[in-house]
Structure formats: C-alpha cells, structure tokens
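Each chain, written out:
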Amino acid sequence: MIKLVPVMYSYDNSGNLFLITLTLFLLIFFVKSACAADTSKEKELVILDSDMVEIYDDGMAMAMLALSSKVELLGVSVVAGNTWVEEGTAFALRQLEGISRAETIPVAMGVNHPLRGGRLANMKEERELFGFGRDNWQGAGGYPRPESWRAVYKNTYRLEPQSAPLGEHAADFIIEQVKKYPGRVTIAAIGPCGNIAEAVRKAPEIVPLVKRVVYMGGAFFQEGNVTPAAEFNCWFDPEAAKIALRSPFKEQIIVPLDVCEKVKLSAKRYAETEENIKNPVFLEMVRRNFRYEKFKTEPDYVTYIWDTIVSAIIIDPTVITEEITLPVDVNDDYSLSYGQMLAFKGGAPRGAQSARIVLSVDEDKLWKMIFEVCRGL
C-alpha cells in the first residue's frame, strides 16, 4: 500500500499537468488570435506635412485624416510653399479648433525657405530667366513674410488664438514620432519637402523606420503647372524633393498632376461643399475663399483638389484605380526644367528609388469621402 501512494500521486499529477498544459496552450492561442485581430484593426499613424491653406486643399486633407476612424493623426508639420509657415500654422490651428482637435493634434512650425540659398529673394528674376507655365503662382515666393503666426491668426479671424504650436521644430517632431512608432508612421507630404529633407539630414536613421511616404507632387507624363516642366511643390524646393525621393524609404507613393488634374473642382462641386458644411468656422472659410466669388462670375472655371487625394488614399487605398511603379528622380539643375520630377522606364540614374505613381482614382468614391467629412465638420 505504501508503494501505491506515489504511483497514484504520479498519475494524478500527470493528469493535472496535461490539463494545465492544454489550458495554457488554448489561452496562448486565443491571446495571439486576439492580438492579431487587434493589429489588423490598428489605426494608421499619420504625420501631415503641409503648406497649409484653408479648406481646399490642405485644410480638407487635414480634416479627412483628423476625422477618419481609420487614422490617428499624430500631428501637423508646417512647411513653406503655398503659404509661409506663419500663415500655415495659423490656418492649421484654427481649423483644428473648428473640429475641437487642437488639444489632441499638435502643430509644429518647420522650414520656411527652399534649400537653395536666396532663391525666394530672386524668384522674380528666376521666373523671367526660365519662363512661366500656365500657372504663374509663386506661393510664399510672391509676397512678404508675415510678422508671426499669432498676427496672421488675429488679422484673419479677428480672435485671440485658442491654441498654439509646439515649441520644437517640425523636423524634430517628425524624427521623434518616427522613433516612437518604428515601422508604423505614414508621412503625408502634401507640400514642398523641406521638413522631410531636414529630418532625413539630421537623423538619417529614421529612413528605414518610416512605414511609407505619400507625396502630392510632380508631373510625369504631362506638362507641369508653374513651369512647362515642373509642378509647384517640387519646383518650390527641388533640392529638398531630391533628398526625400532618393531616401530609401520602404514605400513611396506619388500623387502627381497626372491624376490631380483629372479630378476637377467645379462650381457645382464647390456649391455642394458649401451645402454639406454646417460648421460656421468652415462655412466662413468657404465663403471667404477667392473661389467663392470666382465661381459666381466665371461658372465654367475649374480648379483641382490636389492634396485631398493623398488623404483619401491613406484612408482607403482602393480609391486608386490605375498606377505604375517606376524609379523616380528630381532635376535640381538650375536650368529651364528646374524642379521637374522624372520617371524612368529605361535605366534610372544611380540613387533613384522606385515609387508607386498614381494615375487614376475612383472619383465618385473620392467625392463621397469628401462630402462625408464636410457633414462631419
């Protein structure tokens, strides 16, 4: 009988161990399954790098990302381009205040000039030397720099700001966020590439940590806008664009004029935008915009919604209906085609990286997304 005791104990212990092992196995299986499910539902982490304007097109692009259930907008880094950084900062803050997100989505002020020294001061002479395209817009190169973001805010909105930008530089903000979330951050680059170039030059180790960069810029298989060869964002700072595009990011997607100029903002679409917006902050912006009166006096006038396409692609990649992948580069040679973005179907120059070039999108789906955002403002 004494010898039977350890035998019985051993049998019971083995049975218990089997049940415990089975339970642990099932627990681990379900935990892993749950984690996998959570991972598939993780929000897209996005930094919006923008030369911000009101409503169309940067403002709408920002609202689309800020209000999407699929995106966590980590912040807005402001760069000079269509506007000076002081203006872009004021416009970003006011629009974030308008959707009650100014406290949760930070705004960082960034690069306020192209990399080529003295370029803005000599912009007039440059245009006379190299010629104009069908659009003579010069952005921040066409008028004086404002005193401060606060002055722009007060002069534009006749209010005291309810929020303020971060104290750190936009490039440092980009570096910080990419390192905080390695492999997860998408950069929506809808302005010139000054901030991205500065971040890469300052901390090149972030390049493999970026999930992807989605640019609005360039003109590949059609003419440019500000010059016969170049599109505005790339033309404003070609040296910065070259640094960004030649960085070996895991994925680069480009939304060029080739697709942007297929999606037209007509008088009808602008009126639909106004009809769908109830928020007084944004209604005021719609009605103050130069397009509001222009559509009334020139009903056949059309423009485009460039940057909103970038946000739409990030939120729902199925909006893309046609694309091609090719090595790309930027001409930073100070010449007639300065700022031209090039795609190579044959041999590419050493250092050129491949990018997905978007050529067509589902316009019905895109406008549906935009008007849903308008109603949610």
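The structure reproduced in this document is the subject of the present report. Since the model is a prediction, treat every value here as computed from it, not as a measurement.

Let's talk about the pairing of strand 1 (residues 44-50)
Here is step 1 of the chain: With 7 of 7 residues buried, strand 1 lies mostly within the body of the structure.
Here is step 2 of the chain: Going residue by residue along strand 1, you find E44, V46, L48 and S50 tucked away on one face and L45, I47 and D49 tucked away on the opposite face as well.
Here is step 3 of the chain: Taken together, the 7 bridges between strand 1 and strand 2 (residues 71-78) define a ladder with parallel strand orientation. The residue bridging D49 from the neighbouring strand is S77, located in strand 2.
Here is step 4 of the chain: This β-α-β element, strand 1 to helix 2 (residues 58-67) to strand 2, shows right-handed connectivity.
Here is step 5 of the chain: Where strand 1 lies against strand 4 (residues 185-189), 5 bridges are found, and the strand directions are parallel. Paired with L45 across the two strands is V185, which belongs to strand 4.

Comments concerning the packing of helix 11 (residues 267-276) against helix 15 (residues 363-376)
Helix-helix packing is characterised by the crossing angle of the two axes and by the distance between the axes.
Here is step 1 of the chain: Put simply, helix 11 and helix 15 touch, their axes get as near as 8 Å, and they point 35° apart. Here helix 11 contributes R269, E272, T273 and N276 to the contact with helix 15, which in turn contributes W367, F371, C374 and R375.

With respect to helix 15
Here is step 1 of the chain: Here helix 15 spans 20 Å end to end across 14 residues, near enough to the 20 Å set by a 1.5 Å rise per residue.
Here is step 2 of the chain: Along helix 15, the positions that sit buried rather than exposed are L366, W367, M369, I370, F371, V373 and C374.
Here is step 3 of the chain: In this structure, the buried residues of helix 15 make contact with helix 2, strand 7 (264-265), helix 11, helix 14 (306-315) and strand 11 (353-361).

A short note on the pattern of salt bridges
Here is step 1 of the chain: Scanning the entire structure with this criterion turns up 25 salt bridges.
Here is step 2 of the chain: Taking the shortest distance from any N to any O, the salt bridge between E44 and R212 comes out at 3.4 Å. Taken together, the positions of E44 in strand 1 and R212 in strand 5 (residues 212-216) put the pair 168 residues apart, joining distant regions of the chain. Taken individually, E44 and R212 each receive the classification buried, so the pair is uniform in this respect.
Here is step 3 of the chain: One salt bridge connects E97 with R94, and the closest N-O pair in it is separated by 3.5 Å. Taken together, the residues E97 and R94, both in helix 3 (residues 85-98) and 3 residues apart, mark about one turn of the helix. Across this residue pair, the class does not change: E97 and R94 are buried.
Here is step 4 of the chain: One continuous salt-bridge network, built from bridges that share partners, spans E44, K211 and R212.

Things to note about helix 3
Here is step 1 of the chain: The end-to-end C-alpha distance of helix 3, which contains 14 residues, comes to 20 Å, matching closely the 20 Å that a straight helix rising 1.5 Å per residue would cover.
Here is step 2 of the chain: For helix 3, the tally of buried residues reaches 14 of 14 residues, placing the bulk of the element in the interior.
Here is step 3 of the chain: Once helix 3 finishes, S100 follows within two positions and takes phi at roughly 60°, a positive value.

Thoughts on the environment of Y270
Here is step 1 of the chain: As for its position among the elements, Y270 is in helix 11.
Here is step 2 of the chain: For Y270, a relative accessible area of 3% puts it in the buried group.
Here is step 3 of the chain: Taking the C-alpha atoms as reference points, Y270 and V302, 32 residues apart in sequence, are found 9.9 Å from one another.
Here is step 4 of the chain: Beyond its immediate chain neighbours, meaning those up to four positions away, Y270 contacts Y56, L265, V286, N289, R291, Y292 and F295.

Rules and cut-offs
- Residues numbered from 1 in each chain as written.
- Predicted model: local features only at pLDDT ≥ 70, side-chain atom pairs only at ≥ 80, totals over all residues.
- Heavy atoms only, no water.
- Buried < 20%, exposed > 50% of the residue type's maximum accessible area, 1.4 Å probe, protein only.
- Helix = DSSP H or I, 4+ residues; strand = E, 2+ residues; numbered from the N terminus.
- Pairing = 2+ DSSP bridges.
- Right-handed = clockwise from strand over helix to strand, strands pointing away.
- Axes fitted to C-alpha atoms, helices over the stretch in contact; angles between N-to-C directions.
- Contact = heavy atoms within 4.5 Å.
- Expected span 1.5 Å × (residues − 1).
- Salt bridge = Lys/Arg side-chain N within 4 Å of Asp/Glu carboxyl O.

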